[in-house]
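Okay, here's what each chain looks like letter by letter:
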Amino acid sequence: MGQKKGGSGDSEVARPISLTLVVEVLRGVAQVDFMPSAVCGLFFVAALFAAGWPYGVYGLLGSALGTAVASGLRLARGAVEAGLHGYNGCLVALGCAVFLGPGHPATVAVAVLGVAVAVVVTAGLGAVLDTWKLPALTAPFCLVATATTVAAPGFRQLWHGAGAPAALAAPAAGPTGLTWDQLWHGFFANIGQIFFMPQWYVGLLFLAGIFAASRPAGLLACAGSATGLLTAWALGAPAAAVGQGLLGYSGVLVAMALCGVFVAADGWSAAYAVLGAAAATVLTPALGAVTAPFGGHAFTWPFVLTTMLFLAAVPAIPRLRRI
Amino acid sequence: MGQKKGGSGDSEVARPISLTLVVEVLRGVAQVDFMPSAVCGLFFVAALFAAGWPYGVYGLLGSALGTAVASGLRLARGAVEAGLHGYNGCLVALGCAVFLGPGHPATVAVAVLGVAVAVVVTAGLGAVLDTWKLPALTAPFCLVATATTVAAPGFRQLWHGAGAPAALAAPAAGPTGLTWDQLWHGFFANIGQIFFMPQWYVGLLFLAGIFAASRPAGLLACAGSATGLLTAWALGAPAAAVGQGLLGYSGVLVAMALCGVFVAADGWSAAYAVLGAAAATVLTPALGAVTAPFGGHAFTWPFVLTTMLFLAAVPAIPRLRRI
Amino acid sequence: MGQKKGGSGDSEVARPISLTLVVEVLRGVAQVDFMPSAVCGLFFVAALFAAGWPYGVYGLLGSALGTAVASGLRLARGAVEAGLHGYNGCLVALGCAVFLGPGHPATVAVAVLGVAVAVVVTAGLGAVLDTWKLPALTAPFCLVATATTVAAPGFRQLWHGAGAPAALAAPAAGPTGLTWDQLWHGFFANIGQIFFMPQWYVGLLFLAGIFAASRPAGLLACAGSATGLLTAWALGAPAAAVGQGLLGYSGVLVAMALCGVFVAADGWSAAYAVLGAAAATVLTPALGAVTAPFGGHAFTWPFVLTTMLFLAAVPAIPRLRRI
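How each quantity is defined
- Residues numbered from 1 in each chain as written.
- Chains lettered and ligands numbered in written order.
- Predicted model: local features only at pLDDT ≥ 70, side-chain atom pairs only at ≥ 80, totals over all residues.
- Heavy atoms only, no water.
- Helix = DSSP H or I, 4+ residues; strand = E, 2+ residues; numbered from the N terminus.
- Rg over C-alpha atoms; globule rule 2.2 N^0.38 Å.
- Buried < 20%, exposed > 50% of the residue type's maximum accessible area, 1.4 Å probe, protein only.
- Contact = heavy atoms within 4.5 Å.
- Buried area = accessible area lost by both parts, 1.4 Å probe.
- Polar contact = N/O pair within 3.5 Å; in protein donor to acceptor, adjacent residues only side chain to side chain.
- Axes fitted to C-alpha atoms, helices over the stretch in contact; angles between N-to-C directions.
- Parallel < 35°, antiparallel > 145°, perpendicular 65-115°, else oblique.
- Left-handed = near helix turned anticlockwise from the far one by under 90°.
- Nonpolar A, V, L, I, M, F, W, Y, C, P; charged D, E, K, R; others polar.
- Salt bridge = Lys/Arg side-chain N within 4 Å of Asp/Glu carboxyl O.
- Core = buried A, V, L, I, M, F, W, Y, C linked by side-chain atoms within 4.5 Å.
- Least-squares fit on C-alpha atoms with pLDDT ≥ 70 in both.
- Disulfide = S-S within 2.5 Å.
- pLDDT = per-residue confidence, 0-100.
- Expected span 1.5 Å × (residues − 1).
- Patch = residues over 30% accessible without salt bridge, like charges linked within 9 Å, V, L, I, M, F, W, Y side chains within 5 Å.
- Areas by Shrake-Rupley, 256 points an atom, 1.4 Å probe, with all protein chains shown as cover.
- Phe/Tyr/Trp six-rings, centres within 6.5 Å; stacked < 30°, edge-to-face > 60°.

J.: Explain the overall build of chain A to me, please; I cannot follow it from the model alone.
T.: Broken down by element type, chain A carries 14 helices and 0 strands. Each helix (α) and strand (β) of chain A, taken in turn from the N terminus, gives the series α-α-α-α-α-α-α-α-α-α-α-α-α-α. The globule rule puts the C-alpha radius of gyration for 323 residues at 20 Å, and the 18 Å found for chain A is close to it. Seen through its principal axes, chain A has C-alpha atoms that stretch 60 × 55 × 35 Å. Looking at chain A residue by residue over its 323 residues, the buried ones come to 61%.

Here is the structure:
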């Protein structure tokens, strides 16, 4: 979802075409966390395989297919090279595997269709948002994944679940005091849940990848995760959900986006990023409740909505500087 | 919902005012399928009367009222002449008749209010979308019809149904293998459902009208219908719904819009149109599920959302040319 | 939510800073009804205290905090002076008190967070809408309040209600014929419900405040309230809800916005305002039904959506003149 174009340590000179492709595809995976870095992408792919090999395969092929479709349609070369047509494809394919089951032929078919559509949506939304110099972030993924998962129960080849996924949201239940394990698991799981993965060690691998690409970005990811934990705990979110990273994943992305990636990093933007991360944490159960009656998921909608509004405000705030 | 302005065979010279009005109103009906042709409009009105005389009356008067309100407000003459203020009025009035019952006085009142509001919404949305040279399509109708049908149970003069229309969507049930009858009925019903009509012969009359106005447009309508049928069948949609055209109607409009109406017709745009029609077919049960908990309907929202995003992407895709 | 900048009778010369602040905060409260007038704000605060002292405190401090945050971020001085960063804060804080209970520490915390976020959202949405010279109206409040109230059941410190607030909307029940008491109570309650208050005498105080700032605005508020009553009664809304102002509050704001505040007042804009107020009245139960399954509220969304579309259309309508 990033915008940065220069690679971080990936030199561009005289590289064979196949290697160029590999680099673009890996950058596509890394751009889910704004990092235009193939090294970071390697860490991320490793994290997905650590969670389960089908996830690694779907994520990698999703980025590859998105990049290929964008190249085939002759979209702007710079964006393709930076991996900006890979990250939505990666997430769309991965989401199909996670929510529809990786082993069904129809899952593959709808993932291919979804990745192709996500490339078009990225271009279309990009053109619309360009009016205000706003990035599309993961909005293309959120749109396609929401449509696909909500449509799935209507198609018997796509839906293998026992009952209906649609339900009215119920008020929070269970204890809210975090155990030590829930606290540190949650800290890493917040980073893993960006790719739908709740395991702490998977989150740790993702975090290592971010640090490998950029130390400041890694620190901001940590700050976003901590803000999410603190906000969720203070307002009394169920501890079990907090420990699985279900409250804080959008905060991680918001913090990175608002301090360093799209806004120049300084004290003011750090405070802005913390405010944004707290807002996204409150927004997460709200979007869970909004989408529950039609069997949807919050995905990274809280990140997308918060970041877009906060970025749109930046030109009006003399304290902050857009990059 | 079209944009084409020159009439197809309707000469403009020295025509008495009353005839001008009739031509504008008939073009208004025809513009539901993008055709600025009074001959096509005659076929469409015949199709509505074939489905039931109240539908013909509501559709025709809806187009007439929309055209009259737009003239009264002095909106741009060219758009009024092309029928571009008739098609949303036609659909709004028809939708009131279909969903609230044509015989109640309050249905007439809310239809009149809805058509007038639709003219304003068309102008307002048109001004907003003009930033990206995007057409309003049937979005004004979808907005007004969604508001009206969702509000209806809250008003005792508007709602004569037995129970509450709001319900959570249930997973698809029933057989998915299409019989031969369901296949060819569905092919025509996809075209009829644009006007809410499930009968195959009504769809056939609509298709004849499109062919009367433009042979390429007729072929694209057929391609869109076929894409809808194929996608719905492959993913396992219930055969009964497919046979009534409930999955494929948006695909028909998407295919026409993306190849010939708003994008120059060639091999690339044909492929683009097929991709869009398939996407809209998946989106249709998704929007059915989203709107079910508040008693709404998918209407042509799948067409509107898919076409807008696909059209917004066109300037970024060198393979395609916007017209 | 207004745009008018010159104060009405509040002279700007040589005023001590503390008084300036008081004036800005009171104007912030008054801008909920578009009035950049501290005198009007005094009436409004009195009305809130008449409804219950916690409401007065939350409303006043909400406006003060919004104004302070905007000043701290160095947002455009003219807008801050006109009270344009107070009204959304006032409504956000008040909404927290009304829907989450004023006496809980977490309500205070989330109100502070919400008011700060509302300032950012006002700036962000303002920048986006400026493309079409559209005002943000109460959209920032509606966004923040919807997110907060829908998220609340997910947080055990925020939610003290007995059961789940999420439910499917049921069709209207009960008598629809208005008694004389319901009629005149509803007339004033329509104005009070803009601040969530159903008492007729509270609404009367608000109306007095509007008249104190501007006689034409007061008349338009009355016309909007009457249009709401008439539309709701004619279509058969439940009389009990009409008498509490639950159908007509958006109509009051729409009428003021479309005749006098944002569109030059004349016969055409008066008719336009009545059409808009009627449309907003129908939209109100629709948005109630849309938000019910996720435990949301219609808030002033009907006013925001109707007014934005009607204002966007104004440049296309030669009969009307935008101010």
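J.: Which parts of the structure should I look at to understand the interface of chain B and chain C?
T.: Where the parts come together, the accessible area they lose is often given as the size of the interface. Each partner contributes to the interface: chain B provides 34 residues, whereas chain C provides 38 residues. In total, chain B and chain C occlude about 2900 Å² of area from one another, counting both sides; carbon and sulfur atoms represent 78% of this. Considering only the side of chain B, the residues that lose the most area to chain C are Val120(B), Phe155(B) and Arg156(B), jointly responsible for 21% of the buried surface there. In this assembly, chain B and chain C are joined by 8 residue pairs in polar contact (both at pLDDT 80 or more).

J.: What exactly am I supposed to notice about the packing of helix α10 (residues 215-235) of chain C against helix α13 (residues 267-291) of chain C here?
T.: Residue and element names in this part refer to chain C. The contact between α10 and α13 brings their axes to 9 Å, and the two run at 50°. Between α10 and α13, the interaxial angle falls into the category oblique. Every pair of crossing elements has a handedness; the one defined by α10 and α13 is right-handed. The residues of α13 that touch α10, namely those facing Thr-227, Gly-228, Thr-231, Ala-232 and Leu-235, are Val-274, Ala-277, Ala-278, Thr-281 and Val-282. Each residue belonging to the contact of α10 with α13 can be placed in one class, and the counts come to 6 nonpolar, 4 polar and no charged.

J.: Where do I start with the interface of chain B and chain A in this structure?
T.: With 38 residues of chain B at the contact, the number on the chain A side is 34 residues. Both faces considered, chain B and chain A share a buried interface measuring about 2900 Å² in area, 78% of it formed by carbon and sulfur atoms. Taken as a group, Trp132(B), Leu235(B) and Leu309(B) account for 21% of the area that chain B buries against chain A, more than any other trio of residues on that side. Here chain B is connected to chain A by 0 salt bridges. If you look at where chain B meets chain A, you find 8 residue pairs in polar contact (both at pLDDT 80 or more). Elements represented by at least two residues in the side of chain B that touches chain A include exactly α10 (215-235), α13 (267-291) and α14 (301-313) of chain B. Per-element accounting of the side of chain B that touches chain A gives the leading share, 12 residues, to α13(B). Partitioning the side of chain B that touches chain A into residue classes produces 32 nonpolar, 5 polar and 1 charged.

J.: Honestly, the nonpolar core in this entry has me stumped. Any pointers?
T.: Most often, soluble globular proteins have nonpolar side chains that are buried together. Counting 354 residues, the largest nonpolar core has Phe195(A), Phe195(B) and Phe195(C) as the members making the most contacts within it. Apart from residues no more than four positions distant in its own chain, Phe195(B) is found in contact with Val29(B), Val32(B), Asp33(B), Phe44(B), Leu48(B), Cys90(B), Leu91(B), Leu94(B) and Phe206(B).

J.: For this particular structure, what's the right way to read the relation of the copies chain B and chain A?
T.: Two chain copies here: they are related by a rotation about an axis and a translation along the same axis. Of the two same-sequence chains, chain B is brought onto chain A (RMSD 0.0 Å, axial shift 0.0 Å) by a rotation of 120°. This pairing of chains is accounted for by a three-fold axis. Measuring from the rotation axis to each C-alpha of chain B, the shortest distance belongs to Pro293(B), at 3.8 Å. Comparing interface residues between copies, only 11% of those in chain B also lie at the interface in chain A; the contact surfaces differ.

J.: Can you help me understand the state of the cysteines in this one?
T.: Each disulfide consists of one covalent bond between the sulfur atoms belonging to two cysteines. All names here are of chain C. Following the criterion strictly, the structure yields 0 disulfides over all chains and no others. The thiol of Cys-222 is unpaired, and the distance to the nearest cysteine sulfur, on Cys-259, comes to 13 Å. Accessibility expressed as a relative area gives 18% for Cys-222, which makes it buried.

J.: I would appreciate a short explanation of the relation of the copies chain B and chain C in the present structure.
T.: Superposition record for chain B on chain C: RMSD 0.0 Å, screw rotation 120°, translation along axis 0.0 Å. The two copies present different faces, since only 12% of the interface residues in chain B are matched by interface residues at the equivalent positions in chain C.

J.: For this particular structure, what's the right way to read the confidence of the model for chain A?
T.: Low pLDDT means the predicted atomic positions in that stretch should not be read closely. Residues and elements named next belong to chain A. Averaged over every residue, the pLDDT of chain A is 93; the share at 70 or more is 95%. Across residues 1-12 the pLDDT falls below 50, and counting only partners more than four positions away or on other chains, this stretch makes 41 contacts in the model. With a pTM of 0.94, the predicted complex shows an ipTM of 0.93.

J.: Is there a simple way to think about the side chain of Ser269(B) in this case?
T.: Along the chain, the position of Ser269(B) falls in helix α13. On the basis of relative accessibility, which here comes to 0%, the residue Ser269(B) falls in the buried class.

J.: Where do I start with helix α7 (residues 139-151) of chain A in this structure?
T.: Because each turn of an α-helix spans 3.6 residues, side chains separated by three or four positions end up pointing in the same direction. Taking 1.5 Å per residue as the helical rise, α7(A) with its 13 residues ought to reach 18 Å, and the 18 Å between its terminal C-alpha atoms agrees with that figure. Taking burial as the measure, the 13 residues of α7(A) include 12 buried ones, the bulk of the element. If you check which residues of α7(A) are buried, you get Ala139(A), Pro140(A), Phe141(A), Cys142(A), Val144(A), Ala145(A), Thr146(A), Ala147(A), Thr148(A), Thr149(A), Val150(A) and Ala151(A). Buried residues in α7(A) make contact with α5 (87-100), α6 (105-129) and α14 (301-313) of chain A together with α13 of chain B.

J.: Even after reading the chapter, I still don't get the environment of Pro153(A), so can you show me in this structure?
T.: All names here are of chain A. Along the chain, Pro-153 turns up in the loop between α7 and α8 (180-192). Overall, Pro-153 belongs to the buried group, its relative accessible area being 10%. A C-alpha to C-alpha distance of 9.5 Å links Pro-153 and Ala-166, two positions 13 residues apart in sequence.

J.: Could you clarify how one ought to interpret the environment of Ile17(B) in this entry?
T.: When you line up the elements, Ile17(B) lands in helix α1 (residues 17-30). Taking the C-alpha atoms as reference points, Ile17(B) and Ala226(B), 209 residues apart in sequence, are found 41 Å from one another.

J.: What is the right way to read a nonpolar patch on the surface from this model?
T.: All names here are of chain A. A cluster of nonpolar side chains, namely Phe-49, Trp-53, Val-57 and Leu-61, defines an oily patch on the protein surface of about 430 Å² accessible area. Tallying contributions element by element places helix α3 (residues 53-72) first for the nonpolar patch, with 3 residues. Under the relative-accessibility criterion, Phe-49 is labelled partly exposed at 36%.

J.: In this structure, what is going on with the pattern of salt bridges? I would like to understand it.
T.: Once the charged atoms of two side chains with opposite charge are near each other, the side chains can pair. Across all of its chains, the model carries 9 salt bridges over all chains by this definition. Residues Glu24(B) and Arg77(B) are paired through a salt bridge, measuring 2.6 Å at the closest nitrogen-oxygen approach. Placement of Glu24(B) in helix α1 and of Arg77(B) in helix α4 (residues 77-81) is noted, with a sequence separation of 53 residues between them. Shared partners join several salt bridges into a network, and the residues in it are Glu24(A), Arg77(A) and Glu81(A).

J.: Where do I start with the side chain of Thr300(A) in this structure?
T.: Residue and element names in this part refer to chain A. Secondary-structure assignment places Thr-300 in the loop between α13 (267-291) and α14. Taking the relative accessible area as the measure of exposure, Thr-300 reaches 3% and is therefore buried. Only 3.0 Å separates the side chain of Thr-300 from the side chain of Thr-138, close enough to count as a polar contact.

J.: How do you make sense of the packing of aromatic side chains when you look at a structure like this?
T.: By convention here, two paired aromatic rings are described through the distance between centres and the angle between planes. Inspection of the entire model under this criterion finds 45 aromatic pairs over all chains. Arranged with centres 4.4 Å apart and planes meeting at 10°, the rings of Phe195(C) and Phe206(C) form a pair that is stacked. Of the two residues, Phe195(C) sits in the loop between α8 (180-192) and α9 (200-213) while Phe206(C) sits in helix α9, which places them 11 residues apart along the sequence. Residue class for Phe195(C) comes out buried when judged on its relative accessible area of 0%. By the ring-pair criterion, three or more aromatic residues cluster together here, those being Phe99(A), Phe141(A), Phe196(A) and Phe299(A).

J.: Looking at this model, I keep getting lost on the packing of α1(B) against helix α2 (residues 38-51) of chain B. Mind explaining?
T.: Helix-helix packing is described using two parameters, namely the angle between the two axes and the distance between the axes. Residue and element names in this part refer to chain B. Taken N-terminus to C-terminus, the directions of α1 and α2 make an angle of 65°; their axes are 7 Å apart at the nearest point. As judged from the angle between their axes, α1 and α2 are roughly perpendicular. The chirality of how α1 crosses α2 is left-handed. Mapping the contact onto sequence places Val-23, Leu-26, Arg-27, Val-29 and Ala-30 in α1 and Ala-38, Cys-40, Gly-41, Leu-42, Phe-44 and Val-45 in α2.

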